[in-house]
Amino acid sequence: MKRTKLGIALLFLTAIVFAQSLTQTVKGQIRDEQSGSPIIGATVMIVGMDPPMGAITDVEGFYKIEKVPIGRQTIGISYLGYESITIPDILVGAGKEVVMNAKLIESLQQLEEVVVTAGNEEVGQPRNELATVSAISLGMDEISRFPATFNDPARAALTYAGVQTGGDDLLNEIVIRGNSPKGILWRLEGVEIPNPNHFTSIGSSAGGISMLSNNMLANSDFFTGAFPAQYGNATSGIFDLQLRQGNFENHEHAIQAGLLGIAAASEGPISKSGRSSYLINYRYSTLALLTELGLDILGEQEDIAFQDLSYKVRIPTKKFGSFSIWGLGGRNTYRFLPNESNGEWENDTEEQNTGIAGVTNVYYLSDDSYFETIISGSINQLINNYDSLDVRLLENSDFSENQVRISTYYNHKFSARHTLRVGTIFSRLGYNLSNTYWDRSERRYITPLDEDDHAGFYQAFGNWQFRLNEKLTINTGAHFSHFALNGRNYIEPRLGFKWDRGNHIISGGVGVHSRMETIALYTARQYNEDGSFVQNNKDLGFTQAFHSALGYEKMIKPKLRFKAEVYYQHLFNVPVWPNDTTSDFSLLTFSTLNTFDGYTPDELANDGTGKNYGLELTLEKFLSKGFYMLTTASIYKSKYTGSDGIERSTQFDGGYIYNFLTGKEFKVGKSGNNTISINGKFIFAGGKRQAPINVSRSINEGTTVFDYSRNYELKLDGYFRMDFGISYRKNRRKTTSVISLDIQNLTQRSNEFFRFYSVSQRRFISDSQVSFFPNLSYRIEF
């Protein structure tokens, strides 16, 4: 009996020791920020370990630290002659090795090593070293931690200052500083790509669900204004996304299943000796699962499905540099099923197919200079059929756009003070666009769009970075664009600076930017009575914008940062209705600054203007001891002028945005290896705007009549949303599992989307946004 008790006790003690000994490997590569060359002999330490735990980078800048205890760890990186940094609260789990790459800035005082302080923490700093203001880094840890982001970069961006929802919570559409969502640029692996979202529309920058999975993404940059010279074709904001590299030493896998579907990811070495690797993710989802649970998110008559695939293969070579082969593909379908018993007789089916693939080569000429060349191709097809129960086709559209791009830039670091980057982008924009609809009044089919051709879009940029001293960095440059379809040219100067005084940072930027409209707008046809047609907008110019921003940051105390930015944007050459062709106020007050997507065959003119200005405040408590907090407040105005010359509020002039986000991680279990994470977010924002309703005319005419002479004077009810997330992470030997629940709009508040007048009920009625959206998921890494 005593032996039995002793054996049980030994087994119990062994289980405790085993549970407490869960460890993982932390590894990565350290490079020079300006030249990109690997740093040999840098010291990488796990901060706070006794005895010390760390590694020295090899001849290729790689390091590897084994047996790091799981949990939150802080990494310190230093090298003689460079400014040291710390990367705090890295999540180390048992199921997956941590790959943490970093860049160091060469000190202007060559033999000194800067002491690691709270001000040197790499938290939220953009990856692009040319960014000085209005830019943040979207970390994948944050995206997965923030509630109701559903691992979507655009939904995660709603947490930050100056960003609000575009007006429909079913979509990831965002408004940045009062700008139309159409002005957002999406980039992947350093090159422009089509809208990477499911359930989108022509000309839109958003959709229902992102095609990109957080299984694939590395930390990426998000810009809200005053972009560096490297970026073109954007007036609102930029998502500059990067795919991470697969593990080049060990095979790792992840499976995730939830109410939105199932996903699987795999990564590992192709050849261990050459550090080549692969990374792939596939996802299939259907929102019908929610309906089966009795959650009527989209209605019983809607059938929805989507799937996507993304991958990256990295192959380094000794003679020809490093190659990356990457891609993204997505397909989704939507169908509205009519209920004939209710008198419904119209089918609506939509299909979207997207494919993106590219090859990237980084070739070093020397330790101080390299070329990066990207060859990419993409296709995006949107098909829509609208018919009367398969009897008569009411409308059919097939919008297919394909792009081939060759992008290359040369980067040279002359010294610790001077770095030059120059590049070109050649784009062949192919399109096969058709749209036919049944005109009930004329009882015939009309085809406003039937084009199959291509156009060239050529860009060039140059950027010079000058570090006047250890504290002051200046970026100057220019971006050039040429649109071959109509021969328009755009020269856009840029300037940015950052003055780092240790505990205080003052930054700023100014520049001119431009944005192309959808190709369909330039090629759409307007038919004459004799059957001939004209393309009214073939010579239409780009919308242009002058951005200016001034920022201030202060570390109030370690882990607590205050940030303020003030900005002014002047938009010009905005497409509006020609002022001598109509007296209709709905047209006189039209501006593309108030649109989300679409096109028109009607003639537009670059006579409109707009302006956005505001103040943004951020107080952020970085994650430490399991707790974090982020609160932002934005006060802004967004104005525009149509062809009637009267300045009005834009549709997006809500006036204010307030966000509050907080969360806490609790260690649980006898070993403390497992965690429960609770996160909450509140959003308060001014409502969108629309034209007031003329009640007397609505009653007389039997339908809602809007007073467009006072367009956008009516401000809808304020927007409020509370999101909630809870997760449980369990670490076992070689595996990590996570079960999580995210709820969008926990209180089920009905936020107003649109207002109209019911003549029969003699009252105003509002359409509301989606009231409640949950996602329960389980994930295992091994």
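Not measured: the values here are computed from a predicted model. (Residues numbered from 1 in each chain as written. Predicted model: local features only at pLDDT ≥ 70, side-chain atom pairs only at ≥ 80, totals over all residues. Heavy atoms only, no water.)

(A) Highlighting the packing of aromatic side chains. Going through the model one piece at a time under the given rule, you end up with 30 aromatic pairs. Each ring, one from Y370 and one from Y409, has its centre 6.0 Å from the other, and the planes form 70°; the classification is edge-to-face. Of this pair, Y370 sits in strand 25 (residues 369-387) while Y409 sits in strand 26 (residues 393-413), and the two are 39 residues apart along the sequence. We note that Y370, like Y409, is buried. A ring pair is formed by F706 and Y708, whose centres lie 6.0 Å apart and whose planes are at 50°; its orientation type is tilted. Accessibility expressed as a relative area gives 32% for Y708, which makes it partly exposed. Here the aromatic cluster, defined as three or more aromatic residues joined through ring pairs, consists of F457, F483, Y490, Y522 and F542. Looking at R525, its charged tip hangs above the ring of F533, at a distance of 4.1 Å from the centre. (Phe/Tyr/Trp six-rings, centres within 6.5 Å; stacked < 30°, edge-to-face > 60°. Helix = DSSP H or I, 4+ residues; strand = E, 2+ residues; numbered from the N terminus. Buried < 20%, exposed > 50% of the residue type's maximum accessible area, 1.4 Å probe, protein only. Lys NZ or Arg CZ within 6 Å of the ring centre and 35° of its normal.)

(B) Region of interest: unusual backbone geometry. Cis geometry is found at the peptide bond from D50 to P51, where omega equals 5°. Looking at the element boundaries, P51 is found in the loop between strand 2 (43-46) and strand 3 (53-56). Phi at N233 is positive, roughly 60°, even though this residue is not glycine. With respect to the helices, strands and loops of the structure, N233 is situated in the loop between strand 17 (220-223) and strand 18 (237-241). At K625, a residue that is not glycine, the phi angle is positive and equals roughly 55°. The topology assignment puts K625 in the loop between strand 36 (605-624) and strand 37 (627-641). Take K625: its relative accessible area is 79%, and that puts it in the exposed class.

(C) Up close: the sheet that holds strand 3. The sheet built from four strands is open, its strands ordered 3-2-5-7 with antiparallel pairing. Of all the strands in the sheet, just strand 3 and strand 7 (85-92) have a single pairing partner and so form its edges. In this sheet, neighbouring strand axes are inclined to one another by 20° on average, regardless of whether the strands run parallel or antiparallel. Both strand 2 and strand 5 (residues 71-78) contribute to a ladder of four bridges, which runs antiparallel. If you follow V44 over to strand 5, its bridge partner there is I77. (Pairing = 2+ DSSP bridges. Axes fitted to C-alpha atoms, helices over the stretch in contact; angles between N-to-C directions.)

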